Amino acid sequence: MLIDTHCHLDFDRFDDDREAVVRRAEEAGVRRIIVPALDLQNCQNVLDLASKYAHVYAAVGVHPNSTSAWEASWLDQVRRFAHHPKVVAIGEIGIDYYWDDSPKEIQHKSFSAQLNLAADLDLPVIIHNRDAGEDVIRLLAKSRLAGGEKSGVLHSFSADWHIAEAALEMGFYIGITGPVTFKKADGLRDIVAKLPLNRILVETDAPFLAPQPRRGKRNEPSYVTFVAEQIALLHDLSIEELSKITTANAHRLFGQMQLDRIKPDGDQA
Ligand SMILES: [Zn+2]
């Protein structure tokens, strides 16, 4: 069994065959899928999906690239969404200097506010970092999550080893996606080989970042198996052993995500 801890199953690229995508994931042994939100509108969409599919869980929050019009009241809205019984994290939140869609100060402010909301709600966080590792670490260290019981994941890790090291020291997990399978990704593979096994999560970030041998195609949760195979190889483990470990990690961070949980009605009014 595997858990895809980061998949944008709500994107319209899945509109034509979402049922089949979920079924293929199940058949491939991917038994839980966590769908993170990008903005307030999208929060409702991911909750609707989590309500519909037993295997789908959700994270709610505002992605750094959607924060340019950030207002304090948005935090209250995220808080309300977070009460849905299938919400397992606040995310994805973070900092992105690559796209630079939102001023630095606003990105910092909204990130810190959502980190503290997660601490208030006793939820972990799903962190997006693009070319902003130093500031992500600095704000994490200042947040009430650092050293607390709930931490989070640096999702789709693409930074340097010293960023991974700093995150690990604060109790965070490292999410690995398709690029670990790419031909020219020796640097990332070196980092993954050094990660402690009890802090690795496997993700797709579908529909993006399809791993080899599906590179260039639309990614989907069943392909997380290719990511897991590559990590197993790097750690000299069988795929079964690696699956067991990363699944236990996901449960430790995000909770049990039991399928027999009471079906939520999805009504967030
Ligand atoms: Zn994402």
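Look a little higher up for the structure.
Residues numbered from 1 in each chain as written. Predicted model: local features only at pLDDT ≥ 70, side-chain atom pairs only at ≥ 80, totals over all residues. Heavy atoms only, no water.

> In this structure, what is going on with the packing of helix 2 (residues 40-52) against helix 3 (residues 72-81)? I would like to understand it.
Helix-helix packing is characterised by the crossing angle of the two axes and by the distance between the axes. Helix 3 packs onto helix 2 with a crossing angle of 0 degrees between their chain directions and a minimal axis gap of 11 Å. Considering the angle they form, helix 2 stands roughly parallel to helix 3. Every residue of helix 3 that contacts helix 2 at Leu40, Cys43, Gln44 and Leu47 is listed here: Trp74, Gln77, Val78 and Phe81. Per-class residue counts for the contact of helix 2 with helix 3 are six nonpolar, two polar and no charged. (Axes fitted to C-alpha atoms, helices over the stretch in contact; angles between N-to-C directions. Helix = DSSP H or I, 4+ residues; strand = E, 2+ residues; numbered from the N terminus. Parallel < 35°, antiparallel > 145°, perpendicular 65-115°, else oblique. Contact = heavy atoms within 4.5 Å. Nonpolar A, V, L, I, M, F, W, Y, C, P; charged D, E, K, R; others polar.)

> Help me understand the sheet that holds strand 2 (residues 30-36) in this model?
Sheets are built from strands that pair by backbone hydrogen bonding, the pairs being arranged parallel or antiparallel. Read from one edge to the other, the open sheet built from eight strands follows the order 1-2-3-4-5-6-7-8, with strand pairing classed as parallel. Either end of the sheet is taken by a strand with one partner, and the two such strands are strand 1 (2-4) and strand 8 (200-202). When strand polarity is set aside, the average angle formed by the axes of neighbouring strands in this sheet is 30 degrees. The pairing of strand 3 (residues 56-60) with strand 4 (residues 87-96) spans three bridges and is parallel. (Pairing = 2+ DSSP bridges.)

> Honestly, the nonpolar core in this entry has me stumped. Any pointers?
Generally speaking, a soluble globular protein has its nonpolar side chains buried in company with each other. Grouped together as the largest cluster of nonpolar side chains are 75 residues, with contacts concentrated most on Val60, Ile90, Phe157 and Ile176. It is helix 2 that contributes the most residues to this core, six residues altogether. Apart from the residues lying within four places of it in its own chain, the contact partners of valine 60 are Ala37, Cys43, Val46, Leu47, Val78, Phe81, Ala82, Val87, Ala89, Ile90 and Gly91. Counting 14 residues, the second largest nonpolar core, distinct from the first, contains Ile3, Ile126, Tyr173 and Leu253. (Core = buried A, V, L, I, M, F, W, Y, C linked by side-chain atoms within 4.5 Å. Buried < 20%, exposed > 50% of the residue type's maximum accessible area, 1.4 Å probe, protein only.)

> Hey, could you run me through the pattern of salt bridges in this one?
If the charged atoms of two oppositely charged side chains come close together, the side chains can form a pair. All chains considered together, the criterion is met by nine salt bridges. A salt bridge links glutamate 220 to arginine 24, with the nearest nitrogen and oxygen atoms 2.8 Å apart. Residue glutamate 220 is located in the loop between strand 8 and helix 8 (224-234), and its partner arginine 24 is located in helix 1 (residues 18-27); the two are separated by 196 residues in the primary sequence. Glutamate 220 sits in the buried class, given a relative accessible area of 3%. Note on arginine 24: relative accessible area 32%, which makes it partly exposed. We note a salt bridge from arginine 189 to aspartate 186, for which the minimum N-O separation is 2.9 Å. Taken as a pair, arginine 189 and aspartate 186 lie in helix 7 (residues 186-194) at a separation of three residues, close to a single helical turn. A single salt-bridge network, built from bridges that share partners, covers Asp17, Arg24, Arg218 and Glu220. (Salt bridge = Lys/Arg side-chain N within 4 Å of Asp/Glu carboxyl O.)

> What is the right way to look at the pairing of strand 3 in this model?
Taken residue by residue, a regular strand's side chains alternate between the two faces of the sheet. Counting buried residues along strand 3, five of its five residues qualify, which places the element largely inside the surrounding structure. Taking every second residue as pointing to the same face, both faces of strand 3 are buried, with Val56, Ala58 and Val60 on one and Tyr57 and Ala59 on the other. Here strand 2 runs beside strand 3; their pairing, made up of four bridges, is parallel. Each bridged residue has a counterpart across the sheet, and for proline 36 the counterpart in strand 3 is alanine 59.

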